[in-house]
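For reference, the chains in residue letters:
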Amino acid sequence: MLDSCGDYRAVEVFCLSKGVANGGMAQFQEMMRQQLESSMHTELEKLLDTTTGAEREVSRKDFEGFKNLFHRFLQVKGPSIEWIKIQRPPEDSIQPYDKIAGRGLPDNVADCLNKLVVVKLNGGLGTSMGCKGPKSLISVRNENTFLDLTVQQIEHLNKTYNTDVPLVLMNSFNTDEDTKKILQKYTHHRVKIHTFNQSKYPRINKESLLPVSTNLSMNGQSAEGWYPPGHGDIYASFYNSGLLEQLIAQGKEYIFLSNIDNLGATVDLHILHHLVSQPNGKRCEFIMEVTDKTRADVKGGTLIQYEGKLRLLEIAQVPKAHVDEFKSVSKFKIFNTNNLWISLAAIKKLQEQKAMDLEVIVNPKTLDGGQNVVQLETAVGAAIKCFDNALGINVPRSRFLPVKTTSDLLLVMSNLYSLDAGSLTMSPRREFPTTPHVKLGSSFTKVQEYLTRFESIPDMLELDHLTVSGDVTLGKNVSLKGTVIIIANHGDRIDIPAGSMLENKIVSGNLRIMDH
């Protein structure tokens, strides 16, 4: 880990060239680590001195977490996994969803639901899709945003079962203000909505390993010096906010956590029942929903058995020599959907004992001015090894429907899915359960531009594969079947006329249509 940063490695090389013995080297490294930590603590105190009151107190708590992360970053060298120790998880540690669902539901579904809190990760912006503000406020279906659909789903549960399942949003400093403004529109919905903020951590200079920011301000250039440190931060932020204690006091026992842009992540009553029906001594504190890996998911984290514990293995932890093996669909058959069910009492206990041990993810970035910085992050699923009786459940692919690009957006806006009470389900008129492979070119990257290129969303019920590249527009009521490839060469424009039916067709630059 240290080797990725300039100064430390340079000093190490210098010492070796001077013939410092191995024992002396270890001693010297420890001295350097202490020096770096001391310098970091001094700089963080200076940053705290640039503000007062409540902001200073919040930042002080954030910095405690950052100091811990920085300490572990300095301690770890090289990959945190020894490849030879990796084992396949025991049979009973990843259960098929059908087995869980086969037990049926209890008469008292409401009692189960009243122990649940739905938490959505809402820290991301819509910039990758060309939108300003929180990603959760992008319209995805019939003018409904990600947030609208989430509220509708939970309200439907609360009305159907006469329950009180609250929604909690983990915002970041990037999304908090805009999200809070929009929450006013849900005041008359039957959902209590709470928010708390992710930590604000300082980006550090890649060479000096010290903060690049000189104050806590989020204005102008100063804003570039700060970042939200990945979703693994939820445990500390949730605990520090006081909301975790408040929910436990209300009798809540579990959270169902997911990314707000995963439209497949709805409350599953069978998984919830499995959680709350375990005998006290065997209570499962953590469930990770996994699903079968396809060639599109080769970079997704997977579950392994490591030193007697179920553990999440991310691609960033894999030694370079084994990356291809990690991507293999035959060896690592499942991946993490980031739909997680976690015990509130266990989070509280682990936070109080300071026993939450998450691998440090080193994320290098280059700022607008060209300065190389490092972000230290953690992943929420990595905590699985810290919880008792952790379990993986292999769920249907339908529970993983993330919208990361306009290609994904096209799928969820189309007639492949029907919308009911905020939940999307595959249309029964689709003959096979897999979704088509859609690849829209750079002219479609931004949502606004994408919307102008489709007069209406095409009929895609019988589509297998769609590739569109270049300056292409599609008229109203276009139908796409089989494999369709539309490529406008540079300087060309292709307009697919209204009412067209393209089945196994290649449409190229001069609007020549060929059977495929």
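Residues numbered from 1 in each chain as written. Predicted model: local features only at pLDDT ≥ 70, side-chain atom pairs only at ≥ 80, totals over all residues. Heavy atoms only, no water.

As recorded by an unreviewed UniProt entry, the protein carries the name UTP--glucose-1-phosphate uridylyltransferase and is attributed to Sander lucioperca. Reading the Function (unreviewed entry) entry of the UniProt record for the protein gives the comment "UTP--glucose-1-phosphate uridylyltransferase catalyzing the conversion of glucose-1-phosphate into UDP-glucose, a crucial precursor for the production of glycogen." Looking at the protein in UniProt, the text filed under Sequence similarities (unreviewed entry) is "Belongs to the UDPGP type 1 family." (UniProt positions renumbered as here; feature names shortened; annotations may be inferred.)

(A) Structural detail: the packing of aromatic side chains. Under the defined criterion, the tally for this structure stands at 14 aromatic pairs. By the ring-pair criterion, three or more aromatic residues cluster together here, those being F66, F70, F73, Y201 and Y227. Positioned over the ring face of F326 is K293, at 5.0 Å from the centre of the ring. Positioned above the aromatic ring of F444, the side-chain terminus of R453 is 5.5 Å from the ring centre. (Phe/Tyr/Trp six-rings, centres within 6.5 Å; stacked < 30°, edge-to-face > 60°. Lys NZ or Arg CZ within 6 Å of the ring centre and 35° of its normal.)

(B) Broad picture of the sheet that holds strand 15 (residues 361-366). Pairing is antiparallel in the open sheet, where 3 strands are placed in the order 8-16-15. Sheet topology places strand 8 (204-205) and strand 15 at the edges, where each strand pairs with a single neighbour. (Pairing = 2+ DSSP bridges. Helix = DSSP H or I, 4+ residues; strand = E, 2+ residues; numbered from the N terminus.)

(C) Geometry of the UniProt feature "binding site: substrate" (unreviewed entry) in the protein. With numbering matched to this structure, UniProt assigns "binding site: substrate" (unreviewed entry) to H231. Along the chain, H231 turns up in the loop between strand 9 (226-227) and helix 8 (234-241). Residue classification places H231 among the partly exposed positions, given a relative accessible area of 28%. With residues up to four places along the chain from it excluded, the contact list for H231 reads L121, M170, Q198, N338, T378, A379 and V380. (Buried < 20%, exposed > 50% of the residue type's maximum accessible area, 1.4 Å probe, protein only. Contact = heavy atoms within 4.5 Å.)

(D) Spatial organisation of the sheet that holds strand 5 (residues 167-171). Here 8 strands make up an open sheet; going across it, the order is 1-17-11-14-10-2-5-6 and the pairing mixed. A strand with exactly one partner marks an edge of an open sheet, and here the two such strands are strand 1 (94-96) and strand 6 (193-197). The mean angle between the axes of side-by-side strands here comes to 25 degrees, regardless of whether they run parallel or antiparallel. Here 6 bridges tie strand 2 (residues 116-122) to strand 10 (residues 254-259), and the two strands are oriented parallel to one another. By the bridge assignment, V118 is partnered in strand 10 with F256. Sheet contacts for helix 8: strand 2, strand 5, strand 6, strand 10, strand 11 (286-292) and strand 14 (334-343); angle to strand 6, the most-contacted strand, approximately 115 degrees. (Axes fitted to C-alpha atoms, helices over the stretch in contact; angles between N-to-C directions.)

(E) Representation of the nonpolar core within the structure. The biggest cluster of nonpolar side chains holds 70 residues, and the ones touching the most others in it are L113, L116, L263, V267, W341, L466 and I486. If near-sequence neighbours (up to four positions away) are discounted, L113 is found in contact with L157, Y161, T163, V165, V267, L269 and L272. In terms of nonpolar packing, the next biggest core, distinct from the first, is built from 37 residues, L247, I255, F286 and M356 among them. (Core = buried A, V, L, I, M, F, W, Y, C linked by side-chain atoms within 4.5 Å.)

(F) Expanded view of the pattern of salt bridges. All told, the structure shown has 29 salt bridges when counted by the stated rule. For the salt bridge of K348 with E352, the shortest nitrogen-to-oxygen distance reads 3.1 Å. One end of the pair is K348 and the other is E352, both in helix 12 (residues 344-352) and 4 residues apart, which spans about a single turn. A residue is classified by how much of its surface remains accessible, and K348, at 21% relative accessible area, is partly exposed. You can call E352 partly exposed: its relative accessible area is 43%. Each of the salt bridges in this network shares a partner with another, and the network as a whole consists of R72, R311, D357, E359 and K385. (Salt bridge = Lys/Arg side-chain N within 4 Å of Asp/Glu carboxyl O.)

(G) Representation of the UniProt feature "binding site: UTP" (unreviewed entry) in the protein within the structure. Per the UniProt entry, the sites bearing "binding site: UTP" (unreviewed entry) are K135, Q198, G230, D261 and K404 in this numbering. Within the secondary structure layout, K135 lies in the loop between strand 2 and strand 3 (139-141). You can call K135 buried: its relative accessible area is 10%. Contacts of K135, omitting those with residues within four sequence positions, involve G124, L125, G126, M129, F146, D261, V403 and K404. Topologically, D261 is positioned in the loop between strand 10 and helix 10 (269-276). D261 sits in the buried class, given a relative accessible area of 7%. In contact with D261, not counting residues within four places along its chain, are K135, F146, L401, P402, V403 and K404.

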